[in-house]
Amino acid sequence: MRILGLETSCDETGVAVFDTERGLLGNALHSQVDLHARYGGVVPEIASRDHLRRLLPLVDQVLKDTGTPRPDGVAYTAGPGLVGALMVGSGLANGLALAWTRPVVPVHHMEAHLLAPMLEPDAPDFPFLALLVSGGHTMLVAADGLGRYRLLGTTLDDAVGEAFDKTAKLLGLGYPGGAALARLALDGNDSAFAFPRPMLNQPGFDFSFSGLKTAVMLRVRALEKGGEFERARPDIAASFQRAAIDTLVARTLGAARKERRNSIVVAGGVGANVLLRAELARRFDGKVFYPRPEFCTDNGAMIAIAGAFRMSDAVSPGRIEARARWPLESLVPPAAN
Ligand code: KG4
Ligand code: ZN
């Protein structure tokens, strides 16, 4: 069975074809990062319009490249995300499925991130602990099976990727600056500044990154006044990154211990962070699974594989689904299970 997957929840247009026998056959992505960079964040209206321009040509290309004239189903991101952007993917998925007389599968974006490591040859098995870390989310999830998710902890304010992006902006690194900040941190001393590890003295598995962000901002202002900011930029990046990653790792290890999990899945854009990977490898006894770096960030392949897993939930085309909010814990196992 071949599933076409469409991702348009935010600022990447992603398209892929997944074959349940042969795995991922093709995948294409168009990133809007350059369009939004000058505004310092994603502009929803610009995102929707660009999806509209890019999506159909990408679908055409992937179907041709993979020799798939008529897939068996069309999976699309139905939420959570920007409603206007989601509607583009949802509209096209329903239109194509109607023309092909095939079913559609509305996919939950975060479930797709969580399943992305299953695109790799060394795929994790349920149950596992999932750390979902992106520009919009910071979640620790006990994944007991497909559609059986318990939220153990989430952020009370900023997402960790957002904290990376805001700090990167303070350091003049542009948007989104997580990867650039991690690169700058390589030249810095991570104990130059003692930034807070928020929430680590609190019980439970929630996160908070706004205090860390404010501490960095105050430090930057003080350094600017003293004329020392330029020289200190790598040290600020390294010290911020160390504080943010220490927090993620400590919470994750605590949750793995409590849930007695010996495998952890890390997904979402911040999962590409090298320090996070090194620290988990060093401090966790079990196994850690990651998607390949290009599938850590938003992409069509994760939507196509999530659609394949959820084919038994497929519906007839005709209803445009686009949900700004959609709690991961509200999902249930696929109908056939
Ligand atoms: O999953 P994603 O592509 O989009 C969302 O759904 O948000 O994640 C993007 C986020 C951005 O905040 C970006 O700065 C961050 O992931 N990111 C990183 C790294 N690469 C991307 N953060 C820290 N270190 C990195 N190497
Ligand atoms: Zn995402």
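Before any of the text, the structure's been laid out above.
Keep in mind that what you see is a predicted model, and the values were worked out from it rather than measured. (Residues numbered from 1 in each chain as written. Chains lettered and ligands numbered in written order. Predicted model: local features only at pLDDT ≥ 70, side-chain atom pairs only at ≥ 80, totals over all residues. Heavy atoms only, no water.)

Caption draft 1: Representation of a nonpolar patch on the surface within the structure. On the surface, Val83, Met87 and Ile320 cluster together into a nonpolar patch covering about 250 Å² of accessible area. Mapping Ile320 onto the fold places it in the segment after α11 (300-309). Under the relative-accessibility criterion, Ile320 is labelled partly exposed at 44%. (Patch = residues over 30% accessible without salt bridge, like charges linked within 9 Å, V, L, I, M, F, W, Y side chains within 5 Å. Areas by Shrake-Rupley, 256 points an atom, 1.4 Å probe, with all protein chains shown as cover. Salt bridge = Lys/Arg side-chain N within 4 Å of Asp/Glu carboxyl O. Helix = DSSP H or I, 4+ residues; strand = E, 2+ residues; numbered from the N terminus. Buried < 20%, exposed > 50% of the residue type's maximum accessible area, 1.4 Å probe, protein only.)

Caption draft 2: Structural view of the environment of Ala85. Along the chain, Ala85 turns up in helix α3 (residues 83-100). Residue Ala85 is classed as buried on the basis of its relative accessible area of 1%. The spacing of Ala85 and His51 is 34 residues in sequence and 6.8 Å in space, taken between C-alpha atoms. Those residues within four positions of Ala85 in sequence are excluded, and the remaining contacts are Thr8, Ser9, Cys10, Ser48 and His51. (Contact = heavy atoms within 4.5 Å.)

Caption draft 3: Up close: the state of the cysteines. This structure, assessed with the given rule, holds 0 disulfides. Cys296 supplies the cysteine sulfur nearest to Cys10, a cysteine that is in no disulfide, at a spacing of 16 Å. When its relative accessible area of 0% is taken as the criterion, Cys296 is described as buried. (Disulfide = S-S within 2.5 Å.)

Caption draft 4: Highlighting the packing of helix α8 (residues 229-259) against helix α9 (residues 274-283). The geometry of α8 relative to α9 is characterised by a closest axis approach of 10 Å and an angle of 40° between their N-to-C directions. Classed by the angle they form, the pair α8 and α9 counts as oblique. Handedness of the α8/α9 crossing: right-handed. Between α8 and α9, the contacting residues are Gln241, Arg242, Ile245, Asp246, Leu248, Val249, Ala250, Thr252 and Leu253 on the first element and Leu275, Leu276, Glu279, Leu280 and Arg283 on the second. Its residues placed into classes, the contact of α8 with α9 shows 8 nonpolar, 2 polar and 4 charged. (Axes fitted to C-alpha atoms, helices over the stretch in contact; angles between N-to-C directions. Parallel < 35°, antiparallel > 145°, perpendicular 65-115°, else oblique. Left-handed = near helix turned anticlockwise from the far one by under 90°. Nonpolar A, V, L, I, M, F, W, Y, C, P; charged D, E, K, R; others polar.)

Caption draft 5: Here's a closer look at the coordination of the zinc ion (ligand 2). Looking at the zinc ion (ligand 2), the protein donor atoms are His109 (NE2), His113 (NE2) and Asp298 (OD), and they sit 2.1 to 2.2 Å from it. Each donor residue of the zinc ion (ligand 2) lies on the same chain, and together they follow the pattern H-x3-H-x184-D. Here Asp298 lies in the loop between α10 (293-296) and α11 and His109 lies in helix α4 (residues 109-115), a separation of 189 residues in the sequence. Across the pair, exposure class does not vary: His109 and Asp298 are buried alike. (Donors = N, O, S within 2.8 Å, 3.2 Å for Na, K, Ca; no water.)

Caption draft 6: Just the side chain of Glu7, in detail. Within the element layout of this structure, Glu7 appears in strand β1 (residues 2-7). Notably, Glu7 is buried but unbridged: the nearest opposite-charge side chain belongs to Arg323, and the N-O separation is 14 Å. One polar contact links Glu7 to Ser9, side chain to side chain, over a distance of 2.6 Å. Among residues more than four places away in sequence, those in contact with Glu7 are Glu12, Thr13, Gly14, Thr77, His109, Asp298, Asn299, Gly300, Met302 and Ile303. (Lys, Arg positive; Asp, Glu negative; His and termini not counted. Polar contact = N/O pair within 3.5 Å; in protein donor to acceptor, adjacent residues only side chain to side chain.)

Caption draft 7: Representation of the packing of aromatic side chains. Summed over all chains, the structure comprises 4 aromatic pairs. Between Phe164 and Phe240 the ring centres are 5.0 Å apart and the planes differ by 80°, which places this aromatic pair in the edge-to-face class. Taken together, the residues span a long stretch of sequence, with Phe164 in helix α5 (residues 160-170) and Phe240 in helix α8 at a distance of 76 residues. With relative accessibility at 2%, the residue Phe164 sits in the buried group. The interplanar angle of 15° and the centroid separation of 6.1 Å between the aromatic rings of Phe207 and Phe209 together place this pair among those described as stacked. The same class applies to Phe207 as to Phe209, namely buried. Looking at Arg323, its charged tip hangs above the ring of Trp326, at a distance of 4.1 Å from the centre. (Phe/Tyr/Trp six-rings, centres within 6.5 Å; stacked < 30°, edge-to-face > 60°. Lys NZ or Arg CZ within 6 Å of the ring centre and 35° of its normal.)

Caption draft 8: Just α5, in detail. Every buried residue of α5 is accounted for by Val160, Gly161, Ala163, Phe164, Asp165, Thr167 and Ala168. As for α5, its buried residues are in contact with β6 (128-133), β7 (138-145), α6 (178-185), α7 (210-225) and α8.

Caption draft 9: Just the sheet that holds strand β2 (residues 12-19), in detail. Spatially, β3-β2-β1-β4-β5 is the arrangement adopted by the 5 strands of the open sheet, whose pairing is mixed. Two strands in the sheet have a free side with no partner beyond their single neighbour: β3 (23-31) and β5 (104-108). The sheet shows a mean angle of 20° between the axes of neighbouring strands, direction not considered. Relative to β2, β1 runs antiparallel, the two sharing 6 bridges. (Pairing = 2+ DSSP bridges.)

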